[in-house]
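# Examination of the molecular architecture
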Amino acid sequence: MVTSGKGGVGKTTTSAAIAMGLAKKGHKTAVIDFDVGLRNLDLIMGCERRVVYDFINVVNGEATLHQALIKDKNCGQLYILPASQTRDKDALSKEGVEKVLNELSKTFKYIVCDSPAGIEKGAHLAMYFADDAFVVTNPEVSSVRDSDRMLGLMSSKSRRAEKNQEPIKEYLVLSRYSPERVKLGEMLSVEDVQEILSLHLLGVVPESKSVLNASNAGIPIILDEKSDAGQAYADIVARYLGEEKPHRFIETKRGFFGKLFGGK
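Described below are features of the structure shown in this document. Along each chain, numbering runs from 1 in the same order as the chain's sequence is written. Only residues with pLDDT of at least 70 get local features here, since the model is predicted, and only at 80 or more are side-chain atom pairs given and counted; chain-wide, interface and lining totals rely on the full set of residues. With hydrogens and water stripped out, all remaining heavy atoms of the structure feed into the side-chain values.

## Focus: the overall build of the protein
Elements are defined by DSSP. Helices are runs of H or I of four residues or more, strands are runs of E of two residues or more, and each kind is numbered from the N terminus. Looking only at helices and strands, the protein features 13 helices and eight strands. Dimensions of the protein, computed from C-alpha atoms along their principal axes, come out at roughly 65 × 40 × 30 Å. For the exposure calls, accessible area comes from a 1.4 Å probe over protein chains only, and a residue counts as buried if that area is under 20% of its type's maximum, exposed if over 50%, partly exposed in between. Relative to its full complement of 264 residues, the protein shows a buried share of 52%. The long-range share in the protein, meaning contacts at least 24 apart out of those at least 6 apart in sequence, stands at 73%. Working note: accessible area of the protein is about 12900 Å², and carbon and sulfur atoms make up 48% of it. When the 36 basic and 35 acidic side-chain charges of the protein are each reduced to a single mean position, those positions are 4 Å apart. By definition, residues are in contact when any of their heavy atoms lie within 4.5 Å. Reported accessibility uses the Shrake-Rupley method at a 1.4 Å probe radius. Residues are deemed covered only where the shown protein chains occlude them. Under the convention used here, Asp and Glu are negative, Lys and Arg are positive, and both His and the chain ends fall outside the count. Lys charges are placed at NZ, Arg charges at CZ, Asp charges at CG and Glu charges at CD.

This is how it looks when you write it as structure tokens:
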């Protein structure tokens, strides 16, 4: 599950990038939009015109999973299950979600759940069934505090917690990071965020206009291999799959003269 306490931190961008990254590595992957009523994942994946049936249709037995899943146009290993734009959030049920996840897990190696912000029903259900959680936060106090609240819920409200199993594995994705603004004291540093949340840092995604451009074009940012943000997400997927990758985009970039004279 990809989660956060606060809206607008880059959850759906992260869900799309991670799902695409896993699929590009050869793993059959499904990505589900849990944000009933505010569907956005299909826009970022560029498949909004191809939505016929949605997650709620499948939960309610109005369509089969096969009918609702949309095959991604950029990668044959990736499928999207969109949310409903017209239903109420209460249309999701624990039993219905479990049935869909069980069916998906028969044929998919990874199921990425794009959770809505906050602690509403869709977020609770995505969290309940999660094995791993990507906690997306911006380097600002309110975003970090809200993420901390989500961590508390994860440790007590998940199926794993109920059954006394190993807890959900939690990973930190720090998005919209600007080393320059950290130096000016306008943002929390990576160390500050880790000190508060005590999570394993999976990656830092720099503030980048290319994210907005990719979203508007309906292309997951990870496919823009020239952009810093695209490279950051590729690193995140590689680290999640066990590869060793040095962390980039944490320090300010030095210009030519800075390198020449050994400046910082």
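## Details of the pairing of strand E2 (residues 29-33)
Counting buried positions over the five residues of E2 gives five, a clear majority of the element. With burial as the criterion, each face of E2 is covered, one bearing Thr-29, Val-31 and Asp-33 and the other bearing Ala-30 and Ile-32. The pairing of E2 with strand E4 (residues 78-81) spans four bridges and is classified as parallel. Its bridge partner being in E4, Ala-30 is matched across the sheet by Tyr-79. In this scheme, strands are said to pair when DSSP sees at least two bridges between them. The pairing of E2 with strand E5 (residues 110-114) spans five bridges and is parallel. Each residue of the ladder has a partner; that of Thr-29, found in E5, is Tyr-110.

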